[in-house]
Amino acid sequence: MSDPTPSNLPLILPRSPILASDGANWKNIQFAYFREPPCDVPEHVSSQHVICLNVGKPVQLEQAVGGRYEKVGSGFGDLKIYPAYLSQWFHWDKEAEFFNLLLAPSFLATVGYEVFGSDRLELIPHLATLFDPLVGQIGFALKTSLEIDGRNSHLYADSLAHALVVHLLSRYSSNSRQRKTVTGSFTQQQWQQIVDFIEANLDRNISLTQLAEIVRLSPYHFAHLFKQSTHISPHQYLIRCRIERAKQLIVIGNLSLAAIAQTVGFASQGHFTYHFKRLVGVTPKVFWQLSQER
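Description of the structure in this document. Remember, predicted model here, so these are calculated numbers, not experimental data. Residue numbers here run from 1 along each chain, matching the order of that chain's written sequence. Local features in a predicted model are, by the rule used here, given only for residues with pLDDT of at least 70; side-chain atom pairs are given and counted only at 80 or more, and totals for whole chains, interfaces and linings are based on all residues. By convention in this description, side-chain values take in all heavy atoms of the structure and omit both hydrogens and water.

This next bit is on the overall build of the chain. For the chain, the count of helices and strands is ten helices and nine strands. When we talk radius of gyration, it's over C-alpha atoms, and the globule rule is simply 2.2 Å times the number of residues to the 0.38. Rg of the C-alpha trace for the chain: 21 Å, near the compact-globule value of 19 Å for 294 residues, within the 12% margin. In terms of overall dimensions, the chain has a C-alpha envelope of 70 × 40 × 30 Å along the principal axes. Residue burial is assigned from relative accessible area. The probe radius is 1.4 Å, only protein chains are included, and a residue is buried under 20% of its type maximum, exposed over 50%, and partly exposed in between. Residues counted as buried form 50% of the 294 residues belonging to the chain. Under the scheme used here, helices are H or I runs from DSSP no shorter than 4 residues and strands are E runs no shorter than 2 residues, and both carry numbers assigned from the N terminus.

See below:
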């Protein structure tokens, strides 16, 4: 698990996050899970876009964002969008539990240009009741990734960040453009370059940008071509490659399971065991026992 103590989140709430992504060193998105008492959040300006998802009991929320005031009831799954560089003030009347997903404006501009051909798309504030299952799924997926993979969740978080931004720009921005169509596939040489890089760097925290640079594509186009070619995401493919290498090392039998976990790039033996059993059906220890009987 990542260090739950934030280092670059604004210190304007009474309690520190229960869970935050700072220790995981994510590049394109930040995540923080809060459980806060009734309070007034002083007026402030965020340099990042904030997507706020209520994951607790209903509360009465007062908010003033960019000079616009709203008082609404906010229940589980309710979504708010607070664009960067707008003054913000909040008050809620009882304990509130929520996720904050933070996105840099420069990242939205990059994805907007790659996907829609414009780097000037602006998010529109959404202060009233808004329910979006996809954004909710992404929020909970980021939380689970932090809890399970911690510092080794970079590639997964990167992929989700791109998916989230494309969705936000499609539905909640000044965008009037059509998304660029992703067509084609990797050449055999490109695919071999990708595989060779992954196999040579299983112990590293590979990013989506690094993989895309190998074949000179944007991260968005790379992720889509990868999914079209393999029917799984780059993160899922990386996990499978790590498990296959681990199976080989277990059969050889000259390393401990803890050493194997580290060698193939898992943050801990616990994370290694979790993914191994999920994909293979048995724990690494049982797999080793079965390999000795053959």
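Text resumes after the structure shown.
Let's shift gears to helix α6 (residues 219-230). An expected span of 1.5 Å times one less than the residue number is assigned to each helix. Taking 1.5 Å per residue, twelve residues should reach 16 Å; α6 reaches 16 Å between its end C-alpha atoms and fits that length. All of the buried residues in α6 are Pro219, Tyr220, His221, Phe222, Ala223, Leu225 and Phe226. In this description, contact between two residues means that some pair of their heavy atoms is separated by no more than 4.5 Å. As for α6, its buried residues are in contact with α1 (105-116), α3 (154-171), α4 (188-200), α5 (208-214) and α7 (234-252).

A word on the sheet that holds strand β2 (residues 30-36). Taken together, five strands build an open sheet; the order of strands is β1-β2-β9-β4-β7 and the sheet is antiparallel. The outermost strands of the open sheet, each flanked by one partner alone, are β1 (19-20) and β7 (79-82). In the sheet, strand β4 (residues 49-54) pairs with strand β9 (residues 96-103) via six bridges, with the strands oriented antiparallel. Across the sheet, residue Val50 finds its bridge partner in β9, namely Leu102. When DSSP finds at least two bridges between two strands, those strands are taken to pair.

Below, the discussion takes up the layout of surface pockets. In this structure, the second largest pocket encloses a volume near 420 Å³. Grid points spaced at 1 Å over the protein atoms alone were grouped into cavities, where a 1.4 Å probe fits but cannot get out, and pockets, open sets with protein on both sides within 12 Å along at least five of seven lines, with lining residues defined by an atom within 4 Å of a point. Around the second largest pocket sit 17 residues that line it, and Ser159, Ala163, Ala223, His224 and Lys227 are the ones nearest its centre. Of all elements in the fold, only α2 (133-149), α3, α6 and α7 reach the threshold of two or more residues within the lining of the second largest pocket. Of the residues forming the lining of the second largest pocket, the biggest block, seven residues, is contributed by α3. Under the scheme applied here, ten amino acids are nonpolar (Ala, Val, Leu, Ile, Met, Phe, Trp, Tyr, Cys and Pro), four are charged (Asp, Glu, Lys and Arg), and all others, including Gly, are polar. Taken together, the residues of the lining of the second largest pocket break down into nine nonpolar, six polar and two charged. Grid points are joined across faces, edges and corners, and a volume is the space filled by probe spheres set on the points.

Let us look at the nonpolar core. Grouped together as the largest cluster of nonpolar side chains are 37 residues, with contacts concentrated most on Ile29, Phe31, Leu103 and Leu142. Of all the secondary structure elements, the ones that give two or more residues to this core are β2, β4, β7, β9, α1, α2 and α3. It is α3 that provides the largest number of residues to this core, a total of eight residues. Apart from the residues within four sequence positions on either side, Phe31 is in contact with Leu19, Ala20, Ser21, Trp26, Phe99, Asn100, Leu101, Gly139, Leu142, Lys143 and Leu146. With 19 residues, the next largest nonpolar core counts Leu155, Val195, Ile206 and Cys241 among its residues. Grouping buried Ala, Val, Leu, Ile, Met, Phe, Trp, Tyr and Cys residues that are joined through side-chain atoms within 4.5 Å yields what is termed a nonpolar core.

Each Phe, Tyr or Trp ring (for Trp, its six-membered ring) is paired with any other whose centre lies within 6.5 Å, and the angle between the two planes then decides the class: stacked below 30 degrees, edge-to-face above 60, tilted in between. All told, the structure shown has 16 aromatic pairs when counted by the stated rule. For the pair Phe186 and Trp191, a centre-to-centre distance of 6.2 Å together with 25 degrees between the ring planes defines the contact as stacked. Classification of Phe186 by relative accessible area gives buried; the value is 11%. Here Trp191 falls in the partly exposed class, since its relative accessible area comes to 25%.

Pairing is antiparallel in the open sheet, where four strands are placed in the order β3-β8-β5-β6. The sheet is open, and its two borders are formed by β3 (39-45) and β6 (68-74), each paired with just one other strand. Taken over all neighbouring pairs, the strand axes of this sheet differ in orientation by 15 degrees on average, direction set aside. Strand direction decides the pairing type here: strand β5 (residues 59-65) and strand β8 (residues 87-92), joined by five bridges, are antiparallel. When the bridges of β8 are listed, Ala64 appears paired with Trp89. Axis lines are fitted through C-alpha atoms, for helices just across the contact stretch, and the angle between N-to-C directions can take any value from 0 to 180 degrees.

The subject of this paragraph is the pattern of salt bridges. Salt bridge, as applied in this entry: a Lys or Arg side-chain nitrogen positioned within 4 Å of an Asp or Glu carboxyl oxygen. Under the criterion given, the structure shown has eight salt bridges. Between Arg35 and Glu97 there is a salt bridge, with its nearest N and O atoms 3.2 Å apart. Residue Arg35 is found in strand β2, and its partner Glu97 is found in strand β9; the two are separated by 62 residues along the sequence. Judged by its relative accessible area of 32%, Arg35 falls in the partly exposed class.

Turning next to unusual backbone geometry. In this structure, Asn25 takes a positive phi of about 60 degrees despite not being glycine. Mapped onto the secondary structure, Asn25 falls in the loop between β1 and β2. By relative accessible area, which is 46% here, Asn25 ends up partly exposed. A positive phi angle is found at Tyr85, which is not glycine, with a value near 70 degrees. Mapped onto the fold, Tyr85 is located in the loop between β7 and β8.

The first and last C-alpha atoms of α7 sit 27 Å apart over 19 residues, in line with the 27 Å expected at 1.5 Å per residue. Downstream of α7 by a residue or two, Gly253 has a phi angle that is positive, lying close to 80 degrees.

So far we have only geometry, and geometry alone does not tell us how the molecule works.
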